[in-house]
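Close look at the chain arrangement
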Amino acid sequence: VVAGVEWAIAIHGGAGSIADLEPPQLAAYSESMEAALSRGARMLADGASSLDTVEAVIRMLEDDPLFNAGRGAVQNQIGEYELDASIMDGSDMGAGGVAGLRTVKNPITLARRVMDGSSHVLLAGAGAEAFADEQGVERVSADYFSTERRQRAWERARDGASSSGGGTVGAVARDREGHLAAGTSTGGLTYKHVGRIGDSPIIGAGSYAEDGAVAVSATGKGEEFIRYGVAHRIAWLVRDRRYSVERAAWEVIHSILQPGDGGVIVVGQDGSLAMEFSTEAMFRGAADAAGLHEIAIGREAKPTGGG
Ligand code: ASP
């Protein structure tokens, strides 16, 4: 990636195993990622803010039942949906997170309202849903989120199959003004305990953005990402230790976390991008003003240079 590009964006659609996906399903993921990436790239090229772009791209992926966010989210132990999301504006350290939502159609938009329309950073559960009503953010009934595929995964988990994540969505961007933003949205882990909250709504764990440093969105075993403050740790390595974004992402994913824990997408102040993961696959895409425009799933292609 050329240093100092005008705008840059990376998106992810979750890290994990793709062993149970057939080629047509993989193609459907790629197509959906491509649509979201193109939309984000177009917005940034047209001068949209990184914040608006991150929210718009994540909303598209939340509305797509393929992904474990918004419609198509996974279920907890008792078959209910509890959605988590966060967003951060690197230009002023504005941040918003929402956790344990049961009826909010687009959790990323409610996270943005927490940031813009409240004095708080994190709202959970019934209070967060009441805040959605105060803000006029759309709510839906639980069956809106439901898909046959997730129902089958829930039944397998209930019958003792190991529960897994995958399909979380996120985006990071640098806009033409040089501002950074990050966001993440998820249904969490299949068959999670009721009330379990992952890293995705936690600023500094699942999402982080700070102008002059990086924007980060994470996916994987949320407990580990919270424990090690993954998103903020990458920012610290870049800002205070002067690591490149690629080296910082590599270090945290491969030398602090365990193999299989997950992955991150990162954009630096100069628009440099990193997409690093230790799972079999991470649905991901990257584009920038210098002509980069790529979607990848497994390890075969590495859209950005080595760590
Ligand atoms: N990080 C998410 C969580 O722990 C899950 C995932 O990214 O697959 O809730």
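Our subject is the structure that appears above.
Residues numbered from 1 in each chain as written. Predicted model: local features only at pLDDT ≥ 70, side-chain atom pairs only at ≥ 80, totals over all residues. Heavy atoms only, no water.

Considerations on unusual backbone geometry
The backbone of M93 sits at a positive phi, close to 65°, despite the residue not being glycine. Note on placement: M93 falls in the loop between β2 (83-89) and β3 (94-101). What makes M93 partly exposed here is its relative accessible area of 40%. Residue R242 is not a glycine yet carries a positive backbone phi of 65°. Take R242: it is sitting in the loop between α7 (230-239) and α8 (245-256). (Helix = DSSP H or I, 4+ residues; strand = E, 2+ residues; numbered from the N terminus. Buried < 20%, exposed > 50% of the residue type's maximum accessible area, 1.4 Å probe, protein only.)

As for the packing of helix α1 (residues 23-45) against helix α2 (residues 50-63)
A pair of packed helices can be characterised by two numbers: the angle between their axes and the separation between those axes. At a minimum axis separation of 9 Å, α1 and α2 run at an interaxial angle of 160°. Comparing their axes, α2 and α1 come out roughly antiparallel. Two packed elements cross with a definite hand, and for α1 against α2 that hand is right-handed. Across from S32, A35, A36, R39, G40, M43 and L44 in α1, the residues of α2 making contact are S50, D52, T53, A56, V57, M60 and L61. Here the residues of the contact of α1 with α2 sort into 8 nonpolar, 4 polar and 2 charged. (Axes fitted to C-alpha atoms, helices over the stretch in contact; angles between N-to-C directions. Parallel < 35°, antiparallel > 145°, perpendicular 65-115°, else oblique. Left-handed = near helix turned anticlockwise from the far one by under 90°. Contact = heavy atoms within 4.5 Å. Nonpolar A, V, L, I, M, F, W, Y, C, P; charged D, E, K, R; others polar.)

Section: the site of the ligand
For the ligand, the set of nearby residues contains 13 residues, the closest of which are T168, R196, D199, T219 and G220. The contact in question runs from an oxygen atom of the ligand to an N or O atom on the side chain of T168, over 2.9 Å. Between the ligand and R196 there is a distance of 2.7 Å, counted from an oxygen atom to a side-chain nitrogen or oxygen. Here the ligand has 270 Å² of accessible area as a free molecule, and 99% of this is covered by the chains. Here the shell around the ligand is built from residues that sort into 1 nonpolar, 10 polar and 2 charged. (Near = heavy atom within 4 Å. Polar contact = N/O pair within 3.5 Å; in protein donor to acceptor, adjacent residues only side chain to side chain. Areas by Shrake-Rupley, 256 points an atom, 1.4 Å probe, with all protein chains shown as cover.)

Regarding the sheet that holds strand β9 (residues 262-268)
Taking strand neighbours across the sheet as the criterion, the 4 strands line up as β7-β8-β9-β10 in an open arrangement whose pairing is antiparallel. Each edge of the open sheet is held by one strand with a lone partner, namely β7 (207-209) and β10 (273-277). Between one strand axis and the next, the sheet turns through 10° on average, direction left out of account. Here β9 runs beside β10; their pairing, made up of 5 bridges, is antiparallel. When the sheet's bridge partners are listed, V266 is paired in β10 with A274. Sitting on the sheet, α8 is in contact with β8 (214-220), β9 and β10, with an inclination near 15° to β10. (Pairing = 2+ DSSP bridges.)

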